[in-house]
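Structure assessment
Here are the chains, one letter per residue:
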Amino acid sequence: MTTVDFDHEWMTWGRSGGVLSSQGHSAQLDIGVMSFQRRAEVVAEIEGEVARGISLKQATDQANQSPGVAHRSQVYSLSEGKYVIDDTAAVGADSAVDTLKSVTSVAAGGKRIIAITGALSFDGESDYDSLEAFGALVVRLNIDLWFAVGPAARSLFLSVGREGSWAGESQHCLDIDTAYDEVRALIRPDDVVIVMGSTGESLRPLVSRLLEDFS
């Protein structure tokens with residue numbers, strides 16, 4: 001089977017890519033999504049296209065021009081160095097893990113990260129697909145502030161709190177309005193706010209309100 005090698009990987013706010021090579025040819029991958037998971041999926045798709053006889057350049061060009069998934073890791077650069085990331089389309093724990101890893105990799109300790117999520121679905125195949133493992137990852141990634149929104153998300157709030165020595169960094173909000181008030185009062189210049197998915201009420205209105213505030 002024809003293989004495609006992937007080297008010189010990079011990721012920045014809202015984009016990721018690298019250099020693909022196969023059978024003496026190379027091409028630059030540059031996709032409009034900041035996601036380890038999606039980038040790996042795109043490379044696998046390109047490899048499949050090359051195996052079917054499509055040139056590496058053509059397959060990569062098509063991937064570069066493909067639109068991202070709406071409300072999945074969409075990055076908004078706002079005033080005073082702030083970023084709001086709309087990840088409300090992702091309701092599974094595996095997708096949330098991907099987003100947190102991607103954002104913390106790009107931020108690299110230089111920005112404070114505030115993460116907001118509703119109840120997530122723990123039914124995938126991720127190594128972190130349990131409340132305990134997910135909570136431990138949030139602490140290990142040094143997420144600065146963690147907000148779980150809605151009654152069904154209380155277990156996430158408790159899990160994150162159990163896995164680290166927290167002094168108010170992990171909070172539970174009963175509804176979107178309360179979450180907005182709490183988060184809005186804490187946002188500072190250069191902060192990154194991630195709004196993730198929910199198996200219940202969508203948190204997309206929260207994204208809209210934050211974008212309106214800081215645009």
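We now turn to the structure provided with this report. Note that the structure is a prediction, hence the values are computed from the model and not measured. (Residues numbered from 1 in each chain as written. Predicted model: local features only at pLDDT ≥ 70, side-chain atom pairs only at ≥ 80, totals over all residues. Heavy atoms only, no water.)

1. Some thoughts on a negative patch on the surface
On the surface, Asp175, Asp181, Glu182 and Glu201 cluster together into a patch of negative charge. Here aspartate 181 shows up in helix H6 (residues 176-186). (Patch = residues over 30% accessible without salt bridge, like charges linked within 9 Å, V, L, I, M, F, W, Y side chains within 5 Å. Areas by Shrake-Rupley, 256 points an atom, 1.4 Å probe, with all protein chains shown as cover. Salt bridge = Lys/Arg side-chain N within 4 Å of Asp/Glu carboxyl O. Lys, Arg positive; Asp, Glu negative; His and termini not counted. Charge placed at Lys NZ, Arg CZ, Asp CG, Glu CD. Helix = DSSP H or I, 4+ residues; strand = E, 2+ residues; numbered from the N terminus.)

2. Focus: the nonpolar core
In globular proteins that are soluble, nonpolar side chains generally tend to be buried together. Leu100, Phe134, Trp146 and Ile194 are the most contacted members of the largest nonpolar core, which totals 29 residues. Sorting the residues of this core by element identifies strand E5 (83-86), helix H3 (93-107), strand E6 (113-117), helix H4 (131-140), strand E7 (145-149), helix H5 (154-163) and strand E9 (192-195) as the ones contributing at least two each. The leading source of residues in this core is H3, at 7 residues. Every residue in contact with isoleucine 194, bar those within four places of it in the chain, is listed here: Ile85, Thr99, Leu100, Val103, Ile113, Ile114, Ala115 and Ile116. (Core = buried A, V, L, I, M, F, W, Y, C linked by side-chain atoms within 4.5 Å. Buried < 20%, exposed > 50% of the residue type's maximum accessible area, 1.4 Å probe, protein only. Contact = heavy atoms within 4.5 Å.)

3. Some remarks on H5
Buried within H5 are the following residues: Leu156, Phe157, Ser159 and Val160. The buried residues of H5 occupy an angular sector of 165° when projected down its axis, which confines them to one face. Check the buried side of H5 and you find it contacts E6, H4, E7 and strand E8 (170-173). (Arc of directions from axis to C-beta.)

4. Quick look at the sheet that holds strand E1 (residues 5-12)
Spatially, E1-E2-E3 is the arrangement adopted by the 3 strands of the open sheet, whose pairing is antiparallel. Among the strands making up the open sheet, the edge pair consists of E1 and strand E3 (25-31). Ignoring which end each strand starts from, the neighbouring axes of this sheet average 15° apart. Relative to strand E2 (residues 15-22), E1 is paired through 6 bridges, and the arrangement is antiparallel. (Pairing = 2+ DSSP bridges. Axes fitted to C-alpha atoms, helices over the stretch in contact; angles between N-to-C directions.)

5. Let's talk about unusual backbone geometry
Phi is positive for glutamine 23, close to 50°, though the residue is something other than glycine. In the Ramachandran plot, glutamate 80 falls in the positive-phi region, its phi being about 55° despite a non-glycine side chain. Tracing the backbone shows glutamate 80 in the loop between strand E4 (74-77) and E5.

6. Side note on the pattern of salt bridges
Opposite charge on two side chains lets them pair, provided their charged atoms get close. Overall, the coordinates contain 13 salt bridges when judged by the stated rule. Residues arginine 72 and aspartate 98 are paired through a salt bridge, measuring 3.2 Å at the closest nitrogen-oxygen approach. With arginine 72 in the loop between helix H2 (56-65) and E4 and aspartate 98 in helix H3, the pair connects residues that are 26 residues apart, well separated along the chain. The residue arginine 184 makes a salt bridge to aspartate 213 at a minimum N-O spacing of 3.1 Å. Of this pair, arginine 184 sits in helix H6 while aspartate 213 is found in helix H7 (residues 204-214), placing the two residues 29 residues apart along the sequence. A residue is classified by how much of its surface remains accessible, and arginine 184, at 32% relative accessible area, is partly exposed. One network of salt bridges, with partners in common, ties together Arg38, Glu41 and Glu45.

Shape is all these values report; function is a separate question.
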